[in-house]
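Next come the chains, spelled out residue by residue.
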Amino acid sequence: MEKMARVTTALGGNALTGRTMFCHLDAPANAISVCRDAAQVVVAGRNIFKIYSIEEDQFVEKLNLRVGRKPSLNFSCADVVWHQMDENLLATAATNGVVVTWNLGKPSRNKQDQLFTEHKRTVNKVCFHPTEVYMLLSGSQDGYMKCFDLRKKDSVSTFSGQSESVRDVQFSIRDYFTFAATFENGNVQLWDIRRPDRYERMFTAHNGPVFCCDWHPEDRGWLATGGRDKMVKVWDMNTTRAKEIYCVQTIASVARVKWRPECKHHIATCSMMVDHNIYVWDVRRPFIPSAMFEEHKDVTTGIVWRHLHDPYFLLSGSKDSTLYQHIFKDASQPIDRANPEGLCYSLYGDLAFAAKESLISSDSNRKPYIGDRRHPIFFKRKLDPTEQFEYISSSSTLSVFETDVESGSMDWFVHTAKQYALAGRPLAELCDHNAKVAKGLDRNQVAQTWTMLRIIYSSLSTVSSANLNHSMGKGSTALPLMNSFNLKDIPSGLGSESRLDRSKGESRTENILMDSSSTLINNEDNEETEGSDVPADYLLGDVEADEDDLYMMDHENPHAEEQEYSLPQEAFPLRHEIVDNPSALDHLQDKADSPHVSGNEAETVSLTPVESFSLISISHSLYENRLPSDFFNPIVRDTLLFYAEQGDVQTAVSVLIVLGDRIRKEIDEQTQEHWYTSYIDLLQRFQLWNISNEVIKLSTCRAINCLNQASTTLHVNCSNCKRPMSNRGWICDRCRQCASMCAVCHHVVKGLFVWCQGCSHGGHLQHIMKWLETSSHCPAGCGHLCEYT
Amino acid sequence: MRVSRPGPQHQELGIRIPRPLGHGPSRFIPEKETIQVGNEDAMMHTLFADSFATLGRLDNVTLVMVFHPQYLESFLKTQHYLLQMDGPLPLHYRHYIGIMAAARHQCSYLVNLHVNDFLHVGGDPKWLNGLENAPQKLQNLGELNKMLAHRPWLITKEHIEQLLKTEENSWSLAELIHAVVLLTHYHSLASFTFGCGISPEIDCEGGHTFRPPSVSNYCICDITNGYHGVDEIHASPTGSIPSTESVCEVEALMEKMKQLQECRDEEEASQEEMATRFEREKRESMFVCSSEDEESAPTRDVSRHFEDTSYGYKDFSRHGMHVPTFRAQDYSWEDHGYSLVNRLYPDVGQLLDEKFHIAYNLTYNTMAMHKDVDTSMLRRAIWNYIHCMFGIRYDDYDYGEINQLLDRSFKVYIKTVVCTPEKTTKRMYDSFWRQFEHSEKVHVNLLLVEARMQAELLYALRAITRYMT
């Protein structure tokens, strides 16, 4: 109610009260206008022409001006305006080109007063003179503006814009004789009402039609215009050349603009298409509307401030057949919902953080950001150049936090990206290659993943038939990877025991598999298992050997351990069985980052990565013939999810590409797309264009694939005159020569042009290829020995 | 473009040398009256060069349109953008959609051209065996294509919804807009092709013959396109026999325009009268049927690209089917259509806007042999007549003017070209506006093309807008 109080003072005792409310109209509205006393509003449209009185909490229909048995097109209004001097006087612009005035004082039911049928086309706008009672101005599609004296039957003067249809006309509020007109071709003209022969001034305001304009109620020189180009512009007309002083970019073409009373910089807009909201902008802050009314369900066609001196009540009509009164305090303020803090990571792990100045205590040890990331400074500050907005208190602070050079290094990323092989070879080779790459960069976990993938998806090719008969010793050594499994390190007794175990395990595989779900559950329960407890379990497991869920899960920790610290090889080689259960693989990944794994387990664990691979491969080979690789898909999926979650989207995407259809169906499109975009973004920020392109090309996501199809234009210069060839790639406009002739067939090359960088002769890719198969000299006969690789 | 005379050694080798069949780019316009390559002015030359560079050929459409270089420039730019430049649809889709659209009007000329292009950009030849061999996504577009071509007023937001609803073969809004623009472009271009009697390209079916030149150049495909060799003998070549009657025709038309200009203020028709006039024009337009309503069998090659041949232009209000009149003031290209297209398919709105603008405002201020004539009234009548056939009404237009300005044979021509272009014959082309230049008749065709395209677009875009709100 404080606002109401303020309203009262503004109006000098004539308080406006009310709430946000609406009423249904029978038909879509095209325009609305208010009476001077702010108590009544007129709504006009193709099939509606009514006056409503604005009560405390509702609209009440007062008068229907659409009378007659068969309403004529004269009632089909494109615009309506209520005289601000005389409350009985209204004017409408009809779609058939007629300008009609209405006198509410008439005693008859039909209030139609005068009919001006001078325009040949639809009249887009009518406007009363702000102080002169009898003066009416109209602007029409036929390109003319006409000024009518209501005491006469015909127009007093006609203004020819000479430039297409008139979209809006507005009398200046302060200059008695001046009016502005906006045109479909983007022009705005200023006219003196006394001089119909020529406009005073003309300038191009918008690209495309200017739909509307509004003079500032206080500042005599300001004119706001809105156009189809989605811009609202404020022009200062005091200078000799109209100067654009503010510009607001909206999201849709601007249908109406209306300055907010009593608020110098506020302006309300609504749009012609697509966007149904009404925005109130502070023109000094053009990126975010200061208020927003979201009630309408279809485009808003008319907005008007209820009272000339009241900034809190806005009325609007819409195509959705409703009339609304909006109260400012009910407006949604996007600024409240906007995030006032900005946070962004740089490529090298630096973190920039921007926030309101008041939120950040001014710390004396901050230094101005100098942009040198090698400087190990942790807290820096730079003033945002937004001081000009002080009055809106939007000044903010930017802080940059740097990580130290070592930990922020992303070299591994670049190297990996460059060295990974993603396609073009059999899956097994790709995996091996990538594993090697990862290993070379000391990323053992990733290397392991690749190896496992190889085993899961291409083991058939590597498992010899010997493996299939479950002959342990032979089978395992037959695997290439087994070569690295150093049996000598294992005490023979234990070794044989393990074999035994495995064969037992093997015979029970079915059983174990069925248990795998329960394994999972148990595993979760066991999350809290302290490191110190583990060895006991291990022992137990080892001894009993033929056990069971518990047994198997306990071995995940060792694995996790081993991934994080590369451990010596001694002791405990007996874990092979655990991986018999495929779900163990899963846990292996899940556990890799489990925080409670403590260092003291190190003694109990002694598997080197190499060993664990081979163990896995053994066990896998054992029942390879029973499990399709599909079986592992959920595990692999979880692996990828895990990597992506860790921020290593590189691994996720690379695996995704390498596995292709094998795994694609498992992961939903959107996630994949997300990974791809992140990875491509990273690659591009590291300027690894070729690799990012390869990734795009190899991706199976439609949305990603088509990235390559956008902006594919290549600009070339003419080889003769060295000027850019604007039109076509093979003929120069300037020197009229075909720029790229094929040295073999002497025709113009329109598609792929390949040329020798030594002698700069070239031609069609195919031709050159064929030519150089048989000859080593340049086809142009220049004697150069060209090479084609 | 020219085919060299076959040397005797070729004949000995048994190589068959194709010979051009038609006489110039259009069957309706004598070759000597078209603009010859080599005689063009600088602007036309640039356009030729551009067109040749983009399409790899100087097609007959270009050769006829070059009567109006200003328009041609905009046309080529738009077409190039739609087919080659950045856009939501893959290249082969674009050509395939072009084929679908042209095939609706059995326009073998455009179909052949685009079959070549389609294969050239790597399209799957299997698709060409018929729509049912194309991906489901394109098949889904078939219904919209059909309606757009013949009864655009039936398109509702449900149709749009159907295409956009999320499933495997769904369209995105941007893709749909691209497709709609392509469809309308090719529907109307088919109108132009038939309206101007564009001859087949030499490398396309029907564009060449292997027979020695001495044999009659009578060809089966000319018949299917409604052109009889006999016509040429009987129909008087335009302008060669200036009958007094046809001279009067131009004068009378100008007189009427003048009258209308002057007396429009005096005699003010009532609103009911205006509404009736629109309805009457709308109704009459459906009785305007070509008298020579012979069934033209589409060539087998074309018919396989579309299904449901029986679906054609149906007039409004026939069979009691009432469709509410589309009010131009409530949904116009300038205010609404443009914004929507430009939003979803950037730059195309601008290109189309320019093209519509040029077509609507194009004038040389001449009428036949008369100079300095304001033809805006006549152009507006033609434009609004076409929109009237599609049920689009302008509140600020007196449809009585159409009756005054457009005589029956002209209306027959317009109606045929716009609604059932495949039925256009040389006789129709010759029988309207006998006194006028060929370039003026081509100008009329440009108006038809653009007005039709805009009408179709308006209906489609309105449905999309409704879907979006």
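Here the structure is a predicted model, which means the values were calculated and not measured.

Engineer: Explain the overall build of chain B to me, please; I cannot follow it from the model alone.
Structural biologist: Counting its secondary structure elements, chain B contains 21 helices and 6 strands. Looking at chain B residue by residue over its 469 residues, the buried ones come to 57%. Here chain B has roughly 19300 Å² of accessible surface; of this, 52% comes from carbon and sulfur atoms.

Engineer: How should the overall build of chain A be read in this particular structure?
Structural biologist: Along its length, chain A carries 22 helices and 35 strands. Counting only contacts in chain A whose residues sit at least 6 apart along the sequence, the fraction spanning at least 24 positions is 51%.

Engineer: Explain the pattern of salt bridges to me, please; I cannot follow it from the model alone.
Structural biologist: Pairing between side chains of opposite charge can happen when the charged atoms of each approach one another. Residues and elements named next belong to chain A. Enumeration according to the criterion identifies 32 salt bridges over all chains in this entry. Among the ionic pairs, Glu 87 bridges to Arg 36, the shortest N-O distance being 3.7 Å. Here Glu 87, found in the loop between β6 (77–82) and β7 (89–94), pairs with Arg 36, found in the loop between β2 (31–34) and β3 (40–44); they are 51 residues apart in sequence, far enough to count as distant. Here Glu 87 falls in the partly exposed class, since its relative accessible area comes to 36%.

Engineer: Is there a simple way to think about the environment of Phe 59 of chain A in this case?
Structural biologist: Residue and element names in this part refer to chain A. As for its placement among the helices and strands, Phe 59 is situated in strand β5 (residues 59–64). Classification of Phe 59 as buried rests on a relative accessible area of 7%. It is 8.9 Å that separates the C-alpha atoms of Phe 59 and Gln 40, two residues lying 19 residues apart in sequence. Ignoring sequence-local partners within four residues, the contact set of Phe 59 consists of Met 21, Phe 22, Cys 23, Val 41, Tyr 52, Ser 53, Ile 54, Leu 315, Leu 323, Tyr 324 and Gln 325.

Engineer: Which parts of the structure should I look at to understand the side chain of Thr 101 of chain A?
Structural biologist: With respect to the secondary-structure elements, Thr 101 of chain A resides in strand β8 (residues 99–103). Not counting the four nearest positions on each side in its chain, Thr 101 of chain A is found in contact with Leu 90, Ala 91, Lys 111, Gln 112, Asp 113, Gln 114, Phe 116, Leu 136 and Leu 150 of chain A.

Engineer: Just checking my understanding: could you explain the side chain of Asn 96 of chain A for this structure?
Structural biologist: Secondary-structure assignment places Asn 96 of chain A in the loop between β7 and β8. Here Val 98 of chain A takes part through its backbone nitrogen, which lies 3.4 Å from a polar atom of the side chain of Asn 96 of chain A.

Engineer: Is there a simple way to explain the interface of chain B and chain A in this structure?
Structural biologist: As a measure of interface size, the accessible area lost when the parts come together is often cited. Listed per partner, the contact involves 32 residues of chain B and 36 residues of chain A. Our count for the chain B to chain A interface comes out at 5 salt bridges. Across the salt bridge formed by Asp 395 of chain B and Arg 46 of chain A, the nearest N and O atoms sit 2.8 Å from each other. Between chain B and chain A we count 13 residue pairs in polar contact (both at pLDDT 80 or more) in total. Among the elements that take part in the side of chain B that touches chain A, helix α15 (residues 333–344) of chain B stands out by supplying 7 residues, more than any other. In terms of residue class, the side of chain B that touches chain A is made up of 6 nonpolar, 10 polar and 16 charged.

Engineer: Please explain the nonpolar core as it appears in this structure.
Structural biologist: Where a protein is soluble and globular, its nonpolar side chains tend to be buried together. Counting residues in hydrophobic clusters, the biggest one holds 168 residues, and the most contacted among them are Leu 141, Phe 192, Ile 382 and Ile 414 of chain B. Considering every element that reaches this core, the biggest residue donor is helix α21 (residues 438–468) of chain B, with 16 residues. Ranked by size, the runner-up nonpolar core spans 49 residues in total, among them Leu 347, Ala 417, Leu 659 and Trp 675 of chain A.

Engineer: Whenever I open this one, the sheet that holds strand β1 (residues 21–24) of chain A confuses me. Can you help?
Structural biologist: Across a sheet, paired strands are connected by hydrogen bonds in the backbone, their directions being either parallel or antiparallel. All names here are of chain A. Taking strand neighbours across the sheet as the criterion, the 4 strands line up as β1-β28-β27-β26 in an open arrangement whose pairing is antiparallel. This sheet does not close on itself; its edge strands, each paired only once, are β1 and β26 (300–307). Here the average twist between neighbouring strands, direction ignored, is 15°.

Engineer: Is there a simple way to explain unusual backbone geometry in this structure?
Structural biologist: Its identity as a non-glycine residue notwithstanding, Ala 38 of chain A has a phi of 65°, on the positive side. Mapped onto the elements of the fold, Ala 38 of chain A is located in the loop between β2 and β3.

Engineer: Is there a simple way to think about the packing of aromatic side chains in this case?
Structural biologist: Geometrically, a pair of aromatic rings is defined through the distance of the ring centres and the angle of the planes. All names here are of chain A. What the rule picks out here adds up to 42 aromatic pairs over all chains. Where Trp 305 meets Phe 328, the ring centres are 6.4 Å apart and the plane angle is 35°; that geometry is what we call tilted. Taken as a pair, Trp 305 in strand β26 and Phe 328 in the loop between β28 (322–327) and α2 (334–337) lie far apart in primary sequence, 23 residues in all. Overall, the relative accessible area of 6% leaves Trp 305 in the buried class. In this structure, Arg 198 is placed above the aromatic ring of Tyr 199, and the distance from its NZ or CZ to the ring centre is 4.8 Å.

Engineer: Sorry if this is basic, but what is going on with the sheet that holds strand β15 (residues 178–183) of chain A here?
Structural biologist: Residue and element names in this part refer to chain A. Across the sheet, 4 strands lie side by side as β14-β15-β16-β17; this open sheet has antiparallel pairing. Every other strand in the sheet has two partners, leaving β14 (166–171) and β17 (201–204) as the edge strands with one partner each. Across this sheet, the average inter-strand angle for adjacent strands is 15°, counted without regard to direction. Bridge count for β15 against strand β16 (residues 187–192) is 5 bridges, and the pairing is antiparallel. The residue bridging Phe 179 from the neighbouring strand is Trp 191, located in β16.

Engineer: How do you make sense of the confidence of the model for chain B when you look at a structure like this?
Structural biologist: A low pLDDT score tells you not to read the predicted coordinates there in detail. Residues and elements named next belong to chain B. On average, residues of chain B score 75 in pLDDT, and 73% of them reach the 70 mark or higher. Mean pLDDT values over the elements of chain B span from 37, in helix α11 (residues 229–234), up to 91, in helix α9 (residues 173–195). Ignoring residues within four places in sequence, the model shows residues 1–11, a span with pLDDT below 50, making 8 contacts including any to other chains. Taken together, the stretch residues 289–301 has pLDDT below 50 and engages in 22 contacts with residues farther than four places along the chain or on a different chain. Per the prediction output, this complex has pTM 0.65; the corresponding ipTM is 0.75.

Engineer: What exactly am I supposed to notice about the confidence of the model for chain A here?
Structural biologist: Residues and elements named next belong to chain A. Overall, the prediction assigns chain A a mean pLDDT of 73, with 67% of residues at 70 or greater. Counted against residues more than four places away or in other chains, residues 371–393, with its pLDDT under 50, gives 50 contacts. Here residues 461–624 is modelled with pLDDT under 50, and outside its nearest four sequence neighbours on either side it reaches 226 contacts, counting other chains as well.

Engineer: Looking at this structure, I do not really get the environment of Gly 122 of chain B. What am I missing?
Structural biologist: Following the sequence through the fold, Gly 122 of chain B ends up in the loop between α6 (108–120) and α7 (136–150). Linking Gly 122 of chain B and Leu 91 of chain B, residues 31 residues apart in sequence, is a C-alpha distance of 8.6 Å.

Engineer: Quick question: what am I supposed to make of the pairing of strand β20 (residues 231–236) of chain A here?
Structural biologist: Residue and element names in this part refer to chain A. Of all the 6 residues making up β20, 6 are buried; the element is thus mostly covered by neighbouring parts of the structure. Side-chain alternation along β20 places Met 231, Lys 233 and Trp 235 on one buried face and Val 232, Val 234 and Asp 236 on a second face that is also buried. For strand β19 (residues 222–227) and β20, the ladder comprises 5 bridges, and the chain directions are antiparallel. Counted as the bridge partner of Gly 226 is Val 232 from β20. Hairpin connection between β19 and β20: a loop of 3 residues separates the two successive antiparallel strands, and Lys 230 in this loop has a positive phi of roughly 70°. By the bridge criterion, 6 bridges tie β20 to strand β21 (residues 243–249) in an arrangement that is antiparallel. Paired with Trp 235 across the two strands is Glu 244, which belongs to β21. The antiparallel pairing of β20 with β21 creates a hairpin that spans 6 residues between the two strands.

Definitions and cut-offs
- Residues numbered from 1 in each chain as written.
- Chains lettered and ligands numbered in written order.
- Predicted model: local features only at pLDDT ≥ 70, side-chain atom pairs only at ≥ 80, totals over all residues.
- Heavy atoms only, no water.
- Helix = DSSP H or I, 4+ residues; strand = E, 2+ residues; numbered from the N terminus.
- Buried < 20%, exposed > 50% of the residue type's maximum accessible area, 1.4 Å probe, protein only.
- Areas by Shrake-Rupley, 256 points an atom, 1.4 Å probe, with all protein chains shown as cover.
- Contact = heavy atoms within 4.5 Å.
- Salt bridge = Lys/Arg side-chain N within 4 Å of Asp/Glu carboxyl O.
- Polar contact = N/O pair within 3.5 Å; in protein donor to acceptor, adjacent residues only side chain to side chain.
- Nonpolar A, V, L, I, M, F, W, Y, C, P; charged D, E, K, R; others polar.
- Core = buried A, V, L, I, M, F, W, Y, C linked by side-chain atoms within 4.5 Å.
- Pairing = 2+ DSSP bridges.
- Axes fitted to C-alpha atoms, helices over the stretch in contact; angles between N-to-C directions.
- Phe/Tyr/Trp six-rings, centres within 6.5 Å; stacked < 30°, edge-to-face > 60°.
- Lys NZ or Arg CZ within 6 Å of the ring centre and 35° of its normal.
- pLDDT = per-residue confidence, 0-100.

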